[in-house]
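Residue-level structure breakdown
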Amino acid sequence: MEQRTSSTPLLVLKSNGGTASPEAIAPTLLGTLLSGLAGGVVGGAYFAAAAGEARSVTFDMGGTSTDIGLVHDGAVEQLHE
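Predicted model, so just to flag it, every value in this text is computed and none were measured. Sequence order as written defines the numbering, with residues in each chain counted from 1. The predicted nature of this model means local features are confined to residues of pLDDT at least 70 and side-chain atom pairs, given and counted, to a pLDDT of 80 or more, with totals for whole chains, interfaces and linings taken over all residues. Only hydrogens and water are set aside; all other atoms, that is, all heavy atoms of the structure, feed into the side-chain values.

1. Section: the sheet that holds strand 4 (residues 66-72)
We treat two strands as partners when DSSP finds at least two bridges between them. A helix here means a DSSP run of H or I that spans at least four residues, while a strand means a run of E at least two residues long, and both kinds are numbered starting from the N terminus. If you walk across this open sheet you meet the 3 strands as 3-4-5, and the pairing is antiparallel. Edge positions in the sheet fall to strand 3 (56-61) and strand 5 (75-76), since each of these pairs with one other strand and no more. Of the strand pairs in this sheet, strand 4 and strand 5 are connected by 2 bridges, and their pairing is antiparallel. By the bridge assignment for strand 5, Val71 is matched with Val76. Contacts: residue pairs with any heavy atoms within 4.5 Å of one another. Every angle, taken between N-to-C directions, lies between 0 and 180 degrees, and every axis is a line fitted to C-alpha atoms, over only the stretch in contact when it is a helix. Running at roughly 135 degrees to strand 3, helix 2 (residues 35-50) makes contact with strand 3, strand 4 and strand 5 of the sheet.

Written out as structure tokens, the structure reads:
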């Protein structure tokens, strides 16, 4: 792996909205699938809260998909199916 010169650690976005180091995520790369939706809704919840909104609809359009998420009472709701 290439050495980084920045003091900021490199983190990979996981599909649950969390992050992990490249070393930690490497054995479980499937945990990064659909990370765009997770990142879009978590980021949208952050900015909605900064604007004083407890409920919002997030819209995340990328190169291959468009995802919509819901934030209710400031929380991102998750379904585990």
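From this point on, the discussion continues.
2. Points about unusual backbone geometry
The backbone of Asp73 shows a phi angle near 55 degrees, a positive value even though the residue is not glycine. Looking at where Asp73 falls in the secondary structure, it is placed in the loop between strand 4 and strand 5.

3. Looking at helix 2
Every α-helical turn comprises 3.6 residues, leaving residues that sit three or four positions apart pointing alike. The end-to-end C-alpha separation of helix 2 is 22 Å, in line with the 22 Å expected for 16 residues at 1.5 Å each. Between buried and exposed lies partly exposed: a residue is buried under 20% and exposed over 50% of the maximum accessible area for its type, with that area taken using a 1.4 Å probe on protein chains only. For helix 2, the set of buried residues is Ser35, Ala38, Val41, Ala45 and Ala48. Where helix 2 is buried, its residues contact strand 1 (12-13), strand 3, strand 4 and strand 5. Directly after helix 2, the chain includes Gly52, whose backbone phi takes a positive value near 80 degrees. What a helix should span is 1.5 Å times the count of its residues minus one.

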